[in-house]
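The lines below spell out each chain.
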Amino acid sequence: MDELRAELPNLTTDRLVLRPPQESDIDAVYAACQDPEIQRWTVVPSPYRREDAEFFVRDLAIEGRRTGANLIWCVFERESGTLVGSQGLVLRPQDPGCAEIGWWAVKEFRGRGYTTEAARAVSHYGLRELGLRRLEWLAYVGNDGSRAVAEKAGYRFEGTLRSYAEQRGAFHDSWIASLLPSDLA
């Protein structure tokens, strides 16, 4: 998987451009992550400070690309160039053929199918370009919006993992679904 350490490519869809985070994205990421729903359902810090957005762009995304362990894209509407969300793949050293996919969406852009469109692009990249054998989606039980995106993107629900995912010192039950190369149309 040496290609993971190469520059992360831009991905495009009919309505979106997905590209690695850049310095110019810090303000938009900071503004988006003020949303209580993003803080509720993800592991972003709460409260979310400007320093957290700087860390996301300058450290987490760059180090993730360098090591190939955490691949992050910012998602932009093609027409306006506005940030609509983020997508990521977290690869597991203990299981190099498997990765976890995750996302968040800017409040004003939810319900338009953008997150599903971006998830399909990232899933295709992971399974086809990186040659992964399995992608997993996990979300805290109750995150119905994320579950709807996963299902629309073709992920197959596998069940509930009890007291599985840690967020700010507490463990939560989590839903899990997967996508395999054979699931792609």
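The following refers to the structure shown.

1. Description of unusual backbone geometry
Link 1 in the chain: Following Ser 46, the chain continues to Pro 47 via a peptide bond in cis, the omega torsion being 5 degrees.
Link 2 in the chain: Take Pro 47: it is sitting in the loop between helix 2 (36–41) and helix 3 (50–67).
Link 3 in the chain: Although it is not a glycine, Ser 163 sits at a positive phi angle of roughly 45 degrees.
Link 4 in the chain: By secondary structure assignment, the location of Ser 163 is in strand 7 (residues 156–167).
Link 5 in the chain: Taking the relative accessible area as the measure of exposure, Ser 163 reaches 47% and is therefore partly exposed.
Link 6 in the chain: Phi is positive for Arg 168, close to 50 degrees, though the residue is something other than glycine.
Link 7 in the chain: Of note, Arg 168 is situated in the loop between strand 7 and strand 8 (170–179).
Link 8 in the chain: Take Arg 168: its relative accessible area is 43%, and that puts it in the partly exposed class.

2. A closer look at the pairing of strand 6 (residues 134–140)
Link 1 in the chain: Most of strand 6 sits out of view: seven of its seven residues are buried.
Link 2 in the chain: Residue alternation in strand 6 divides its side chains into two sets, Arg 134, Glu 136, Leu 138 and Tyr 140 and Leu 135, Trp 137 and Ala 139, and both sets are buried.
Link 3 in the chain: Two elements, strand 5 (residues 95–105) and strand 6, share four bridges in a ladder whose sense is parallel. In the sheet register, Ala 99 faces strand 6, and the bridge partner there is Leu 135.
Link 4 in the chain: Crossover handedness for the path strand 5 to helix 4 (residues 114–129) to strand 6: right-handed.
Link 5 in the chain: As paired strands, strand 6 and strand 8 are joined by six bridges and run antiparallel to one another. Paired with Trp 137 across the bridge in strand 8 is Ala 177.

Here is what the cut-offs are and how they apply
Residues numbered from 1 in each chain as written. Predicted model: local features only at pLDDT ≥ 70, side-chain atom pairs only at ≥ 80, totals over all residues. Heavy atoms only, no water. Helix = DSSP H or I, 4+ residues; strand = E, 2+ residues; numbered from the N terminus. Buried < 20%, exposed > 50% of the residue type's maximum accessible area, 1.4 Å probe, protein only. Pairing = 2+ DSSP bridges. Right-handed = clockwise from strand over helix to strand, strands pointing away.

Keep in mind that these numbers describe shape and distance, not what the molecule does.
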